[in-house]
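Listed below, chain by chain, are the residues.
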Amino acid sequence: MSSYTELIQNNSEGIFIISKNDCPLCEKLKGLFDTIEVEYKTYLYQQENEINDTLPFKEQMKQETNGTKFPFCYFNGKYVGGYKEIHQNLMTGKLQEQLSDIGIEYEDDF
């Protein structure tokens, strides 16, 4: 398994979501992007893939993002939040600006 840093670098274009199994908020976030018909890539984090090295994947991810729970969502390689933040940004119109900044347009009349 690649390191957290490599994973983000390799998925630094567009929308990228790190999710895990049995995560209702992960499903809600994917559903949100499906609803506004915006493409995204996902990576499924699995505890059993964790390598016991100096800085395990999940710990590094939490440190670098200050995020506390799945999903972890990135726009062009920058952490933007989890479901609550993205949903809030959708409601306020900020999401459209954020996506426009990375070249993704969507209709907001969903």
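Everything in this summary refers to the structure shown in the same document. This structure is a prediction, so every number in the text was calculated from the model and none was measured. (Residues numbered from 1 in each chain as written. Predicted model: local features only at pLDDT ≥ 70, side-chain atom pairs only at ≥ 80, totals over all residues. Heavy atoms only, no water.)

### Points about the overall build of the chain
Looking only at helices and strands, the chain features five helices and four strands. Relative to a compact globule of 110 residues, whose C-alpha radius of gyration would be 13 Å, the chain shows 14 Å and is just as compact. In the chain, 61% of the contacts between residues at least 6 apart in sequence involve partners at least 24 apart. Put simply, the chain shows about 6600 Å² of open surface, and 42% of that area lies on carbon and sulfur atoms. Considering the chain, the positive charge centre built from 10 side chains and the negative charge centre built from 19 side chains are found 9 Å apart. (Helix = DSSP H or I, 4+ residues; strand = E, 2+ residues; numbered from the N terminus. Rg over C-alpha atoms; globule rule 2.2 N^0.38 Å. Contact = heavy atoms within 4.5 Å. Areas by Shrake-Rupley, 256 points an atom, 1.4 Å probe, with all protein chains shown as cover. Lys, Arg positive; Asp, Glu negative; His and termini not counted. Charge placed at Lys NZ, Arg CZ, Asp CG, Glu CD.)

### Here we look at the state of the cysteines
Such a bond, covalent and formed between the sulfur atoms of two cysteines, is termed a disulfide. Summed over the entire model, instances satisfying the criterion amount to one disulfide. The disulfide bridge from C23 ends at C26, spanning 2.3 Å between sulfur atoms. Sign of the S-S torsion, about 75° for the bond between C23 and C26, identifies this disulfide as right-handed. By relative accessible area, which is 7% here, C23 ends up buried. Residue class for C26 comes out buried when judged on its relative accessible area of 0%. Here C73 is not cross-linked by a disulfide; its sulfur's nearest cysteine counterpart is in C26, at 11 Å. (Disulfide = S-S within 2.5 Å. Buried < 20%, exposed > 50% of the residue type's maximum accessible area, 1.4 Å probe, protein only.)

### Focus: helix 4 (residues 83-92)
Quick reminder: α-helices carry 3.6 residues per turn. Residues three or four places apart thus point the same way. Of the positions making up helix 4, those classed as buried are Y83, I86, N89 and L90. The buried residues of helix 4 occupy an angular sector of 135° when projected down its axis, which confines them to one face. The exposed set on the far side of helix 4, more than 90 degrees from its buried face, consists of K84, M91 and T92. Taken from the residues just after helix 4, G93 is the one with a positive phi, measuring 90°. (Arc of directions from axis to C-beta.)

### Considering the side chain of Q98
Along the chain, Q98 turns up in helix 5 (residues 94-101). Among the polar contacts made by the side chain of Q98, one reaches the side chain of N89 at a distance of 3.1 Å. The contact partners of Q98, leaving out residues within four places of it in the chain, are F75, V80 and N89. (Polar contact = N/O pair within 3.5 Å; in protein donor to acceptor, adjacent residues only side chain to side chain.)

### Considerations on the sheet that holds strand 2 (residues 41-45)
Overall, mixed pairing links the four strands, which are arranged 2-1-3-4 in an open sheet. The outermost strands of the open sheet, each flanked by one partner alone, are strand 2 and strand 4 (78-81). Between one strand axis and the next, the sheet turns by 30° as a mean value, whatever way the strands run. As paired strands, strand 3 (residues 72-75) and strand 4 are joined by three bridges and run antiparallel to one another. If you follow Y74 over to strand 4, its bridge partner there is Y79. On top of the sheet, helix 2 (residues 24-35) reaches strand 1 (15-20), strand 2 and strand 3; it is set at about 155° to strand 1, its chief contact. (Pairing = 2+ DSSP bridges. Axes fitted to C-alpha atoms, helices over the stretch in contact; angles between N-to-C directions.)

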